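Read off the chains here:
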Amino acid sequence: MSPEIAVVGAGYVGVPLADVFADAGKNVVLVEVDDSRVAQLNRGESYILDVPSEKLAGHVKAGRISATTGYDVLRDVDAILIALPTPLSKQREPDLSIVESATRDIASRLRTGQVVVLESTTYPGTTRERVQPILEQGSGLKAGEDFHLAFSPERVDPGREDWTTRTTPKVIGGITPACTEAASAVYASAVDRMVEVSSPEAAELTKLLENIFRSVNIALVNELARLCGRMKIDIWEVVDAAATKPFGFMSFRPGPGLGGHCIPIDPFYLTWKAREYDFTTEFIELAGKVNQSMPYYCRSLISQALNHGAGKSLAGSKLLVLGVSYKPDIGDMRESPALKIIELMRNAGADVSYHDPYVPELSNEDLRSVPLEPAAYDCVVIVTEHSSIDYARLVDDAQLIVDFRNATGRNGTGNGKVWKL
């Protein structure tokens with residue numbers, strides 16, 4: 001059975017996307033540069049939490065999902081969906097090299113009538129100004145006339161079960177109205193609801209707004225948490241009380257920093273693009289400054305807790321970081337604030353270990369997850385609140401705890417050996 005849909009990029013977005021199309025009876029091919037990933041997928045073995053191996057294996061056996069490193073398979077599909085990383089450079093500027101390289105490979109195989117959709121998060125104008133010219137020059141075809149081109153942002157939240165790739169509304173904006181209609185028709189077979197907008201630029205900015213909204217509001221509560229520390233007010237109590245208002249308030253919780261691919265990175269795509277229009281996104285940049293400073297504030301809080309709670313300094317202290325993934329109950333390490341916190345504590349001379357049931361090792365840090373034996377450490381630092389941990393017992397067993405997530409709850413509140421953000 002020939003594939004009808006190609007997904008370029010077999011990561012956190014691409015594999016779930018292939019899965020929902022396969023659920024809808026479509027034959028999908030994943031194009032991936034990593035040979036080991038391709039082999040794993042073709043064996044029906046999933047490395048993505050949201051797609052269990054049992055489910056993937058069923059699709060592979062039925063011929064619904066296959067994977068390859070070659071782009072020639074694109075010649076025969078009806079739709080090509082691009083789901084590739086869009087990181088920032090060291091100068092915190094957009095790095096579209098991965099997307100552009102793949103687009104050149106697509107262009108040389110593009111044929112009349114195909115639908116191409118970019119899903120990778122990016123700044124407004126990318127689809128029209130960067131992707132469209134590469135496709136047209138490499139194929140000799142014209143977008144909106146010979147083939148359809150649109151942008152439809154991924155909205156994946158790894159580990160989430162209430163809103164999935166199928167049930168989360170799909171925002172779609174095409175180069176022309178016909179492009180929008182064609183892209184919507186592709187997704188309509190697998191996704192519950194389409195939200196059509198007037199242009200790819202509107203769709204691109206929609207995704208950025210979603211993540212900037214979260215970044216700014218998290219920065220607000222992070223700043224309030226630091227103020228509350230000085231005022232001796234429990235920020236967690238305040239946030240929970242404010243959340244009882246049934247209108248006009250949306251609850252956000254403080255933490256040790258931002259993680260994942262979206263929130264720590266996406267706002268800076270708009271900041272960069274805004275400069276082209278002689279505009280400074282001061283609110284966005286201030287939020288980024290506050291959020292990026294949180295690991296440093298956390299290091300200071302750990303130092304204070306050791307000084308006042310144990311009469312020790314960071315240098316020479318044995319510390320256990322509890323939870324290193326960027327969010328609870330998954331193993332995703334992308335942009336995890338735990339990595340920066342570990343680096344800062346090590347630089348201060350601390351002996352750092354970690355425990356995380358979802359992350360067996362941190363190869364770049366030369367660390368492996370150790371058994372949870374809190375009494376063996378001068379301080380336990382809770383960075384990610386995995387639900388499998390018995391926090392009541394942790395409070396009993398640990399000598400000192402610094403809790404950045406309020407994981408210890410009421411057991412930690414008012415307890416002299418528990419320090420909270």
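Going by the structure above, here's the rest.
For clarity, every value in this text was computed on a predicted model and none was experimentally measured.

Regarding the pattern of salt bridges
- Tallied over the full model, the rule gives 28 salt bridges.
- When the shortest N-O distance is used, the salt bridge between Arg43 and Glu45 registers 3.1 Å.
- One salt bridge in this structure joins Glu129 and Lys273, with 3.1 Å as the shortest N-O distance. Of the two residues, Glu129 sits in helix H5 (residues 126-139) while Lys273 sits in helix H9 (residues 266-274), which places them 144 residues apart along the sequence.
- By relative accessible area, Lys273 is classed as buried at 5%.

Re the side chain of Thr122
- Inspection of the secondary structure puts Thr122 in the loop between strand S5 (115-118) and H5.
- Overall, Thr122 belongs to the buried group, its relative accessible area being 1%.
- Here the side chain of Thr122 touches Thr126 through a polar contact of 2.6 Å, side chain to side chain.
- In this structure, Thr122 is in contact with Leu96, Phe151, Glu204, Leu208 and Tyr269, ignoring residues within four places of it in sequence.

Some remarks on the nonpolar core
- Judged by nonpolar contacts, the single largest core of 34 residues is most densely connected at Ile302, Val324, Met345 and Phe404.
- Looking at which element gives the most residues to this core, the answer is helix H10 (residues 282-310), with seven residues.
- Apart from residues lying up to four places away in sequence, Phe404 is in contact with Trp236, Pro254, Gly255, Pro256, Cys298, Leu301, Ile302, Ile341, Val381, Ile382, Val383 and Leu421.
- Of all hydrophobic cores here, the second largest spans 32 residues; its members include Ala18, Phe21, Leu56 and Val117.

Some points on the packing of helix H4 (residues 97-107) against H5
- One can describe the packing of H4 onto H5 by two numbers: an axis separation of 8 Å at closest approach and a directional angle of 30°. Relative to H5, the element H4 is oriented roughly parallel. The crossing of H4 and H5 is right-handed. Across from Val99, Glu100, Thr103, Arg104, Ile106 and Ala107 in H4, the residues of H5 making contact are Arg130, Val131, Ile134, Leu135, Gly138 and Ser139.
- Tallied by class, residues from the contact of H4 with H5 come to six nonpolar, three polar and three charged.

Comments concerning the packing of H10 against helix H11 (residues 337-347)
- As a packed pair, H10 and H11 sit with axes 9 Å apart at the nearest point and diverge in direction by 50°. Viewed along their axes, H10 and H11 adopt a mutual orientation that is oblique. Here H10 runs over H11; the crossing is right-handed. Along its contact with H10, which presents Pro295, Tyr296, Cys298, Arg299 and Ile302, the element H11 presents Lys340, Ile341, Leu344 and Met345.
- Among the residues forming the contact of H10 with H11, the class breakdown is seven nonpolar, no polar and two charged.

As for the sheet that holds strand S14 (residues 401-403)
- Strand order in the open sheet formed by five strands is S10-S9-S13-S14-S15, with parallel pairing between adjacent strands. Edge strands, defined here as strands with exactly one partner in the open sheet, are strand S10 (351-355) and strand S15 (418-420). Shown here is a sheet whose adjacent strand axes are inclined to one another by a mean of 20°, direction ignored.
- Relative to S15, S14 runs parallel, the two sharing three bridges. Considered in S15, the bridge of Asp403 is made with Lys420.

Focus on H4
- Every buried residue belonging to H4 is among Val99, Glu100, Ala102, Thr103, Ile106 and Ala107, and all of these are buried. The buried residues of H4 occupy one face: seen down the axis, they fall within an arc of 165°.
- Buried-residue contacts for H4 involve strand S1 (5-8), strand S4 (79-82), S5 and H5.

About the criteria used
- Residues numbered from 1 in each chain as written.
- Predicted model: local features only at pLDDT ≥ 70, side-chain atom pairs only at ≥ 80, totals over all residues.
- Heavy atoms only, no water.
- Salt bridge = Lys/Arg side-chain N within 4 Å of Asp/Glu carboxyl O.
- Helix = DSSP H or I, 4+ residues; strand = E, 2+ residues; numbered from the N terminus.
- Buried < 20%, exposed > 50% of the residue type's maximum accessible area, 1.4 Å probe, protein only.
- Polar contact = N/O pair within 3.5 Å; in protein donor to acceptor, adjacent residues only side chain to side chain.
- Contact = heavy atoms within 4.5 Å.
- Core = buried A, V, L, I, M, F, W, Y, C linked by side-chain atoms within 4.5 Å.
- Axes fitted to C-alpha atoms, helices over the stretch in contact; angles between N-to-C directions.
- Parallel < 35°, antiparallel > 145°, perpendicular 65-115°, else oblique.
- Left-handed = near helix turned anticlockwise from the far one by under 90°.
- Nonpolar A, V, L, I, M, F, W, Y, C, P; charged D, E, K, R; others polar.
- Pairing = 2+ DSSP bridges.
- Arc of directions from axis to C-beta.

Purely spatial values, then, with no claim about function.
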